[in-house]
Amino acid sequence: MNKKPTILIADDDLNALRVLEKLILDQGYNVVTESNGQSTREKIITLKPDLVILDNYMPGVSGNEICREIKSKPETRLIPVITLTGYTETPEKVEAIESGSDDFVNKPFKAIELLTRIRSLLKVKALNDELDSAEGVIFALARAIEAKDSYTQGHTERVSQFALLVGHHLGLSLDDQNALYKGGILHDIGKIAVPDAILNKPGRLTEEEFNIIRTHPDRGEKICKPLNSIRSALEIIRHHHERMDGSGYPDRFSGEKIGLLARIMAVVDIYDALTSNRAYRPALPQEKAFSILDMEADKGWWDKNILSEFKKLVTVAV
Ligand SMILES: [Fe+2]
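Thresholds applied
- Residues numbered from 1 in each chain as written.
- Predicted model: local features only at pLDDT ≥ 70, side-chain atom pairs only at ≥ 80, totals over all residues.
- Heavy atoms only, no water.
- Helix = DSSP H or I, 4+ residues; strand = E, 2+ residues; numbered from the N terminus.
- Buried < 20%, exposed > 50% of the residue type's maximum accessible area, 1.4 Å probe, protein only.
- Contact = heavy atoms within 4.5 Å.
- Areas by Shrake-Rupley, 256 points an atom, 1.4 Å probe, with all protein chains shown as cover.
- Lys, Arg positive; Asp, Glu negative; His and termini not counted.
- Charge placed at Lys NZ, Arg CZ, Asp CG, Glu CD.
- Donors = N, O, S within 2.8 Å, 3.2 Å for Na, K, Ca; no water.
- Tetrahedral: all angles 85-135°; square planar, octahedral: opposite > 155°, others 65-115°.
- Arc of directions from axis to C-beta.
- 1 Å grid on protein atoms, 1.4 Å probe; cavity = no way out; pocket = protein on both sides within 12 Å on 5 of 7 lines; lining within 4 Å.
- Points joined across faces, edges and corners; volume = space filled by probe spheres on them.
- Nonpolar A, V, L, I, M, F, W, Y, C, P; charged D, E, K, R; others polar.

(A) The arrangement of the overall build of the chain in detail. Helix and strand counts for the chain stand at 14 helices and five strands. Among the 318 residues that make up the chain, the fraction classed as buried is 44%. Contacts spanning at least 24 positions in sequence make up 61% of the contacts within the chain whose residues lie at least 6 apart. Taken as a whole, the chain presents about 16,100 Å² of accessible surface, with 55% of it coming from carbon and sulfur. Of the charged side chains in the chain, 42 are positive and 48 negative; the average position of the first set lies 4 Å away from that of the second.

See below:
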């Protein structure tokens, strides 16, 4: 399982590139070299290296610009970047830091200094990869739960997309949007603790059965809590069944005590449930679903502002 880390080096100075390549190859790492901005950009996307060393001055696209791109995309943002800077002036260093570079090394560099930084950043990368694979297991579990029930297939992905649509429209940060995506996939993961006979019961549930269903947000939060990388989605998992008037569960929170992300999830979750086929009824048309949601918002259950924004978005998007 211990595969050799791959390091991408990008520098338009071919002599420097060869020196660096040899230095790093000698340490037993895989090395890929690039000498211009555009091809570096493409290689990062296709190769997803474990670390990138960027010369700031390259024809076409600058190292800082490439770094900014790496750090802004979810699929590459955890790749560590070392920027090679030709000068020691502070503004250049500041620019490298602002672009999200994890470290920078002045040229001409000392081999030992560069290799130490490479080693420590690769360690961080390996830890992040481990966390990511634990996260992968949880996501696979969420999809496996969904697949057991033909009526809810695709629900979590749709809910995630709806939640993202709202989050993006409200101008939420990338971290919040990321939490909305993960929360959408994971919000019902606690249902793994609810017997299938209750989950798939076509008729009315007894009070006792409802009480078992009501445990799923708390169970879900407990399942996901050990994972740092999904910490931001925990409030969504725990509070997606709270209502604005305090009549929801599990904590009977009301108003803005319920986090914004959980309030968004509550609206899009119910919308998708209403517009999908269920064991006990066929899918409702969009208009009917919104008239029910409006009625429930009037009763004090849902955040009216979120509902009205979502309505505008989804009626345009569908
Ligand atoms: Fe739920």
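On we go from here.
(B) Highlighting the side chain of Thr-76. Considering the arrangement of structural elements, one finds Thr-76 in the loop between helix H3 (63-72) and strand S4 (81-85). When neighbours within four sequence positions are excluded, Thr-76 is seen to be in contact with Ile-44, Ile-45, Glu-69 and Ile-70.

(C) Region of the structure containing the coordination of the iron ion. Distances from the iron ion to its protein donors, Asp-188 (OD), His-216 (NE2), His-240 (NE2) and His-241 (NE2), fall at 2.0 to 2.3 Å. Angles of 86 to 176° at the metal separate the four donor atoms of the iron ion, which places the site in the irregular class. All donor residues of the iron ion come from one chain, and their arrangement in sequence is D-x27-H-x23-H-H. With His-216 in helix H10 (residues 216-224) and His-240 in the loop between helix H11 (234-239) and helix H12 (260-274), this residue pair connects regions lying 24 residues apart in the sequence.

(D) Quick look at H3. Taken together, the buried positions of H3 are Gly-63, Asn-64, Ile-66, Cys-67 and Ile-70. Buried residues of H3 fall within an arc of 160° about the axis and therefore sit on the same side.

(E) Layout of empty space enclosed by the protein. Enumeration according to the criterion identifies two cavities of 30 Å³ or more in this entry. In this structure, the largest cavity spans a volume of roughly 50 Å³. Around the largest cavity, the lining residues are Arg-41, Ile-44, Ile-45, Ile-66, Glu-69, Ile-70, Lys-73 and Thr-76. Sorting the residues of the lining of the largest cavity by element identifies helix H2 (37-47) and H3 as the ones contributing at least two each. Taken together, Glu-242, Arg-243, Met-244, Ile-258, Arg-263, Ala-266, Trp-301, Trp-302 and Asp-303 form the lining of the second largest cavity. Counted by class, the lining of the second largest cavity contains five nonpolar, no polar and four charged residues.

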